[in-house]
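# Observations on the model geometry
Now for the letters of each chain:
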Amino acid sequence: MTRTLVFGGAFDPPHSQHVEMCKAAMAQLGISRLVIVPTYLPPHKRAGYLDFSARVRLVKAAFKGLDPIVDEIENERGGDNYSCRILPILKRKYGDIVYLIGGDSLMYLDSWYKPEEVVATCPIAVAARSGYGGIADKIEALKGSLGGEYIPIDFVGKDVSSSVLRAELLLCESPADIAYDVMEIIRREGMFTRYADMVDKLRGFETEELFEHSKAVVKRAVDFNSKHHLGQDFDRVFTAALLHDNAKQRRSLDGLDVPEDAVGTPVLHQFLGAAKAARDFGISDDGVLDAIRYHTTAKADMTMLEKLIYTADSLSDDRTYDPIPALRRIAEKDFEEGFRATLAHTVDKLKANGRPIYPLTLDAYDFYIGGQK
Ligand SMILES: [Fe+2]
Ligand SMILES: [Fe+2]
């Protein structure tokens, strides 16, 4: 019987590493038949930007070279699409199947719905992405707790994040990790254009350097959010990060309500930024506005979104000077630790330079770090 490799995902959008992962697994397992299963996203879940049929069109273009069967079972069922339900159906349909997952998914396999039923259905092939250690130990632990057969696939892939690619598309960029044919469909059908006007308007308010920084903060923020499973809504992260510096080069008060003690200081632009994001960009979400309002000073008792924008702004990839790369590495390992290290560094730097420290920053320092000011 022909063995079949099964690979599922949101594919919002599908990218080069999805394809490379399947290629590696098919080569190493000697499998020639591939079934791609796009996940169904219920309309109330806003995780997806594209509807099911749009994702199917992109998947067909992305995987064209591997001649896959794109199985629309999840859309047909319209819900209750746990792997433990879908895999037995696919097994009846295709026979001898192997289910391919990435190393990051393996790390969370215990938390899937009825994982023991998943691993009892078919062997699990695990493509370990570069930078993902501990795969062998995890496999041993899962064998002990759940049973099942696991086949490690040697895959030294690039670290490509679907949410960063989605952000890049929404920022009107053309990411290299999206295949030409896929990009053609995206352009032709006008996919990912939801923020095009906002991006365009912001570009008019910022120098090229600042605009590049704003885009870097967006990418850093959505990356932290997805890598660390911080659970923040993609749109809110995107909007707050994109607009955080919208007033940096528009300093006129325009009668807007800002704290008097911030006027004439570098922190003014955060307060003005929140007011102008509401006025000029129609942002009405208080959580998003607060993330803009406190992105420079921080404050005590911040929301996750506020911490995320604060940290992403301080550690965005356009900042290449010391000690930012080292702080970024800390935050890549542990977000909360990265946030606190960033705050501590900022306060230390202000003190060392004899610069005044805004009261909200001192509050933040007391709240999160404590000890001497
Ligand atoms: Fe700023
Ligand atoms: Fe900034």
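Residues numbered from 1 in each chain as written. Chains lettered and ligands numbered in written order. Predicted model: local features only at pLDDT ≥ 70, side-chain atom pairs only at ≥ 80, totals over all residues.

The next subject is the nonpolar core. Counting residues in each nonpolar core, the largest one holds 92 residues, and the members touching the most others are Y99, L100, A221 and A241. For this core, the leading source of residues is helix α12 (residues 234-243), giving six residues. Formed jointly, this core draws a minimum of three residues from each of two domains, domain 1 (4-162) and domain 2 (195-368). Excluding its chain neighbours within four sequence positions, the residues that come into contact with A241 are V217, V218, A221, I309 and A312. (Core = buried A, V, L, I, M, F, W, Y, C linked by C-beta atoms within 7 Å. Buried ≥ 20, exposed ≤ 12 C-beta atoms within 10 Å, placed from the backbone. Helix = DSSP H or I, 4+ residues; strand = E, 2+ residues; numbered from the N terminus. Domains from an automatic or database assignment. Contact = placed C-beta atoms within 7 Å.)

Within the open sheet, the six strands sit side by side as β3-β2-β1-β4-β5-β6. Their pairing is parallel. Every other strand in the sheet has two partners, leaving β3 (69-70) and β6 (150-153) as the edge strands with one partner each. Relative to strand β2 (residues 33-38), strand β1 (residues 4-9) runs parallel, the two being bridged by six bridges. Paired with G9 across the bridge in β2 is P38. Strands in contact with helix α1 (residues 16-29) are β1, β2, β4 (97-102), β5 (124-127) and β6; relative to β1, the strand with the most contacts, it is inclined by about 160 degrees. Across the face of the sheet, helix α4 (residues 83-94) comes into contact with β1, β2 and β4 while running at roughly 140 degrees to β4. (Pairing = 2+ DSSP bridges. Axes fitted to C-alpha atoms, helices over the stretch in contact; angles between N-to-C directions.)

To continue, consider the domain arrangement of the protein. Under the domain assignment, the protein is made up of domain 1 (4-162) and domain 2 (195-368). Here the C-alpha centroids of domain 1 and domain 2 sit 36 Å apart.

Okay, the pairing of β5 next. Where burial is concerned, the two faces of β5 agree: the one with I124 and V126 and the one with A125 and A127 are both buried. Note: β4 against β5, four bridges, orientation parallel. The residue of β5 that forms the bridge with Y99 is I124. Sheet topology note: the β5/β6 ladder contains four bridges and is parallel.

The element β1 is largely enclosed, with a buried count of five among its six residues. After leaving β1, the chain enters α1 and then returns to the sheet as β2, a path that is right-handed. Pairing analysis gives four bridges linking β1 to β4, with the strands arranged parallel. Paired with T4 across the two strands is I97, which belongs to β4. (Right-handed = clockwise from strand over helix to strand, strands pointing away.)

So, about the packing of helix α8 (residues 162-170) against helix α11 (residues 208-227). With their axes 8 Å apart at the nearest point, α8 and α11 run at an angle of 150 degrees to one another. By the angle class used here, α8 and α11 are roughly antiparallel. As for how α8 packs across α11, the hand of that crossing is right-handed. Taken together, the residues of α11 that come into contact with α8 (itself represented by S163, V164, A167 and E168) are V218, K219, V222, D223 and S226. Classifying every residue of the contact of α8 with α11 gives four nonpolar, two polar and three charged. (Parallel < 35°, antiparallel > 145°, perpendicular 65-115°, else oblique. Left-handed = near helix turned anticlockwise from the far one by under 90°. Nonpolar A, V, L, I, M, F, W, Y, C, P; charged D, E, K, R; others polar.)

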